[in-house]
Number of protein chains: 2
Amino acid sequence: MSKTVSQPMLRRLPNYLMLLRKYHDTGIAFCSSSRIAEDLGLSSIQVRKDLQTVSDTPGVPNQGRDVKRLIDDLEGFLGYNDFSQAVLVGVGRLGSALLSYEGFREYNMKIVLAFDTRAHTPEMQSGVPIYHVNKLRQLVTRLHVQIGIIVTPSKSAQGVCDALVDSGVKAIWNFAPVHLSVPEDVIVYNENMAESLAFLSSKLRNKEEK
Amino acid sequence: MSKTVSQPMLRRLPNYLMLLRKYHDTGIAFCSSSRIAEDLGLSSIQVRKDLQTVSDTPGVPNQGRDVKRLIDDLEGFLGYNDFSQAVLVGVGRLGSALLSYEGFREYNMKIVLAFDTRAHTPEMQSGVPIYHVNKLRQLVTRLHVQIGIIVTPSKSAQGVCDALVDSGVKAIWNFAPVHLSVPEDVIVYNENMAESLAFLSSKLRNKEEK
DNA sequence: TAGATTGTTAATCGATTAACAATC
DNA sequence: TAGATTGTTAATCGATTAACAATC
């Protein structure tokens, strides 16, 4: 099938999956779009549209959709059937938090390796081995990891990024507040904590002014 | 002026501000939209549009815009003139990382207070006092804080959210992977770490299929 | 003056929402 | 059958991009 999917929709999909798993665990076999919509705070029309794009199995009028089948379709669509592996660079506070973050498992994501300039002898943290950054190219190349997470200080970010790309990484999740230059075929997703908070605060102000 | 601004634009604004401050520090007094665009990886047309919305001072043809003035306008627009204060609930790994995150200062954001169920005697972390959650209503109400950050386990999130809203909080930054129910006048911004990573991974897969 | 860069107006693009017929 | 819920097609909404005249 492989339709092209909009970014916002792609962000909603994992949430459907999580909710549907919850339904499944509570023994709910069928559910309507409007129910999902309510639980997720979306419009039912949007949910219907999204699920149609993702699943070939049509929904049943007056009954809704088969929860189990929908889970399978979503997992297939999102490519969760095999584990997605990632490496993390920069084991500071935020890096450590990500290493120990439980939520990744739920999305079949796993950080398999971490690097830091301070790690001299290989050590473990939250079950993930941490190596010195000078091992990065060697190890990442060997393991064929495709996703890199950059949690380094801004000034090291571009260098780390280059090393990751050289080692075959095709997608980068960047927490450093800088714009990274990458080849065209590499995807960068920027996460800026401070920006998010500032964004929220301005939204608040905008609202107050009205 | 107080124009309505689109969400994606509102997210770009803090980045302009950061870049312009960097220019200012290096003694650059004027800059063109195309330069900003290049440094930030955006299109120059978009930058021009954005800056027009934010600043009443027109740009000068063949010269660009006054960096200092633009900084002032952006700060004014984003409401950075007075500090924005936030409280954080849930001092786990991620919560701690946020408490110690340096980047907030740059956006004039400050976490002034934190709460956790494990904090029995008030303690300090990264310069922020941590109280037991049962002090939440009392302290947040008294300090008139408007922004709450929820970094608790999912099952506590809605309860904490209700308490924050009761105490006058008008904007919530939610890291728990659940949908929060709030009154209409309260803004919720959801941040889901796992979702972001999963999103990146599916994007990668979609690309590979092509 | 010539060239760069601006602001404005219109065109395009893409996502969400609405309306409604189809069906278990 | 009646009612709920579906899928499809069209309308709306909103953001980005393009084109171009204006100007220091």
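### What to know about the pairing of strand β8 (residues 171-174) of chain A
Residues and elements named next belong to chain A.
Here is step 1: With burial as the criterion, each face of β8 is covered, one bearing Ala 171 and Trp 173 and the other bearing Ile 172 and Asn 174.
Here is step 2: Looking at chain direction, strand β7 (residues 147-150) and β8 are connected through 4 bridges and run parallel. By the bridge assignment for β8, Gly 148 is matched with Ile 172.
Here is step 3: At this point the chain moves from β7, through helix α8 (residues 154-166), to the parallel β8, and the crossover so formed is right-handed.
Here is step 4: Bridge count between β8 and strand β9 (residues 187-190): 4 bridges; the pairing is parallel. Looking across to β9, one finds that Asn 174 is bridged to Asn 190.

### Points about the pairing of strand β3 (residues 84-89) of chain A
Residue and element names in this part refer to chain A.
Here is step 1: By the criterion of burial, β3 is predominantly enclosed, with 5 of the 6 residues buried.
Here is step 2: As paired elements, β3 and strand β4 (residues 109-116) share 6 bridges and run parallel to each other. The residue bridging Ala 86 from the neighbouring strand is Ile 111, located in β4.
Here is step 3: Relative to β7, β3 runs parallel, the two sharing 4 bridges. Looking across to β7, one finds that Val 89 is bridged to Ile 150.

### Remarks on the interface of chain B and chain A
Here is step 1: Counting from both sides, the interface comprises 64 residues of chain B and, opposite them, 63 residues of chain A.
Here is step 2: The largest contributions to the chain B side of the interface with chain A come from B:Leu197, B:Phe199 and B:Leu200, which together make up 12% of the buried area.
Here is step 3: Taken together, the links from chain B to chain A amount to 2 salt bridges.
Here is step 4: Across the salt bridge formed by B:Glu195 and A:Arg11, the nearest N and O atoms sit 2.9 Å from each other.
Here is step 5: Applying the counting criterion to the chain B and chain A interface returns 16 residue pairs in polar contact (both at pLDDT 80 or more).
Here is step 6: No other element matches helix α9 (residues 193-209) of chain B, which puts 17 residues into the side of chain B that touches chain A.

### Description of the environment of B:Thr152
Residues and elements named next belong to chain B.
Here is step 1: Inspection of the secondary structure puts Thr 152 in the loop between β7 (147-150) and α8 (154-166).
Here is step 2: Taking C-alpha positions, Thr 152 is 20 Å from Leu 197, a pair spaced 45 residues apart along the chain.
Here is step 3: Setting aside anything within four residues of it in sequence, one finds Thr 152 in contact with Val 89, Gly 90, Ala 157, Val 160 and Ala 176.

### Let's talk about the protein's contact with DNA strand D
Here is step 1: Around DNA strand D, a shell composed of 22 residues is seen, among which A:Ser33, A:Arg48, A:Gly59, A:Asn62 and A:Arg65 lie nearest.
Here is step 2: Note that a base oxygen of DNA strand D is positioned 2.4 Å from one of the side-chain N or O atoms of A:Arg48.
Here is step 3: At the level of elements, α3 (44-54) of chain A together with α1 (7-25) and α3 (44-54) of chain B are the ones that each hand at least two residues to the surface near DNA strand D.
Here is step 4: Of all the elements, α3(B) adds the most residues to the surface near DNA strand D, at 4 residues.
Here is step 5: Among the residues forming the surface near DNA strand D, the class breakdown is 5 nonpolar, 11 polar and 6 charged.

### Some thoughts on the pattern of salt bridges
Residue and element names in this part refer to chain A.
Here is step 1: Here the structure, examined in full by the defined rule, presents 16 salt bridges over all chains.
Here is step 2: Residue Lys 68 pairs with Asp 72 through a salt bridge whose shortest N-O separation is 2.9 Å. One end of the pair, Lys 68, and the other, Asp 72, are both in helix α4 (residues 67-78), 4 residues apart, so they sit about a helical turn from each other.
Here is step 3: Taking relative accessible area as the criterion, Lys 68 reaches 39% and is therefore assigned partly exposed.

### A short note on the sheet that holds strand β3 (residues 84-89) of chain B
The strands that make up a sheet pair up through hydrogen bonds in the backbone, lying either parallel or antiparallel.
Residue and element names in this part refer to chain B.
Here is step 1: Read across the open sheet, the 7 strands follow the order β5-β6-β4-β3-β7-β8-β9; overall the sheet is mixed. Of all the strands in the sheet, the pair left with one neighbour each is β5 (123-125) and β9 (187-190). Averaged over all pairs of adjacent strands, the angle between their axes in this sheet comes to 25 degrees, without regard to strand direction.
Here is step 2: The sheet contacts of helix α7 (residues 136-143) involve β3, β4 (109-116) and β6 (128-132), and relative to β4 the element is tilted by about 160 degrees.

### So, the packing of α3(A) against α4(A)
Residue and element names in this part refer to chain A.
Here is step 1: Contact geometry for α3 and α4: axes closest at 9 Å, N-to-C directions at 70 degrees. By the criterion of interaxial angle, the relationship of α3 to α4 is roughly perpendicular. Note that α3 runs across α4; the crossing there is left-handed. Mapping the contact onto sequence places Leu 51, Thr 53 and Val 54 in α3 and Leu 70, Asp 73, Leu 74 and Phe 77 in α4.

### Things to note about the packing of α1(B) against α3(B)
Residues and elements named next belong to chain B.
Here is step 1: Two numbers describe how α1 lies on α3: the axes approach to 11 Å, and their chain directions differ by 90 degrees. One way to sum up the angle between α1 and α3 is to call them roughly perpendicular. Along the contact surface, α1 presents Met 9, Arg 12, Leu 13 and Tyr 16, while α3 presents Gln 46, Val 47, Asp 50, Leu 51, Thr 53 and Val 54.
Here is step 2: For the contact of α1 with α3, the residue count by class is 6 nonpolar, 2 polar and 2 charged.

### Notes on the protein's contact with DNA strand C
Residue and element names in this part refer to chain B.
Here is step 1: The environment of DNA strand C is formed by 22 residues, the closest being Ser 33, Arg 48, Gly 59, Asn 62 and Arg 65.
Here is step 2: Here DNA strand C approaches the protein such that, of its atoms within 4 Å, sugar and phosphate make up 62%.
Here is step 3: Side-chain polar atom of Lys 49 to a base oxygen of DNA strand C: 3.1 Å apart, as the coordinates give it.
Here is step 4: In the environment of DNA strand C, a phosphate oxygen lies 2.7 Å from a nitrogen or oxygen atom belonging to the backbone of Gly 59.

### Some remarks on the domain arrangement of chain A
Here is step 1: The assigned domain composition of chain A is domain 1 (7-78) and domain 2 (84-195).
Here is step 2: Taking only C-alpha atoms into account, the centre of domain 1 of chain A sits 31 Å from that of domain 2 of chain A.

About the thresholds
By convention here, each chain's residues receive numbers from 1 onward along its written sequence. Labels are handed out in written order, letters beginning with A for the chains and numbers beginning with 1 for the ligands. Reporting of local features is limited, given that this is a predicted model, to residues whose pLDDT is at least 70; pairs of side-chain atoms are given and counted only at 80 or more, and all residues count toward the totals for whole chains, interfaces and linings. Only hydrogens and water are removed before side-chain values are computed, so all heavy atoms of the structure are retained for them. Categorising residues by exposure relies on relative accessible area from a 1.4 Å probe, with only protein chains included: less than 20% of the type maximum marks a residue as buried, more than 50% marks it as exposed, and the intermediate range marks it as partly exposed. Labels follow the DSSP assignment, with helices taken as runs of H or I lasting at least four residues and strands as runs of E lasting at least two, numbered in each case from the N terminus. DSSP calls a pair of strands paired once it identifies at least 2 bridges connecting them. Handedness is read with the strands pointing away from the viewer; a crossover is right-handed when the path from the first strand over the helix to the second is clockwise. Note on contacts: a residue pair qualifies if any of its non-hydrogen atoms lie within 4.5 Å across the two residues. In this description, buried area is defined as the sum, over both parts, of the accessible area (probe of 1.4 Å) that is lost when the two are combined. One speaks of a salt bridge when a side-chain nitrogen belonging to Lys or Arg is within 4 Å of a carboxyl oxygen belonging to Asp or Glu. Contacts described as polar in this section are N or O atom pairs within 3.5 Å, which, within protein, must combine one atom able to donate a hydrogen with one able to accept it, while residues neighboring in sequence count only if both atoms come from side chains. Here a residue is considered near a molecule or strand provided that any single heavy atom belonging to it is located within 4 Å of it. Under the grouping applied here, Gly and all other residues not named as nonpolar or charged are polar, the nonpolar ones being Ala, Val, Leu, Ile, Met, Phe, Trp, Tyr, Cys and Pro and the charged ones Asp, Glu, Lys and Arg. Helix axes are fitted to C-alpha atoms over the stretch in contact, other axes to C-alpha atoms as well, and angles between N-to-C directions run from 0 to 180 degrees. Roughly parallel means an angle under 35 degrees; roughly antiparallel, over 145; roughly perpendicular, 65 to 115; everything else is oblique. Handedness of a crossing follows from how the near helix is turned relative to the far one, being left-handed for an anticlockwise turn of less than a right angle and right-handed for a clockwise one. Marked domain ranges trace back to an automatic or database domain assignment.

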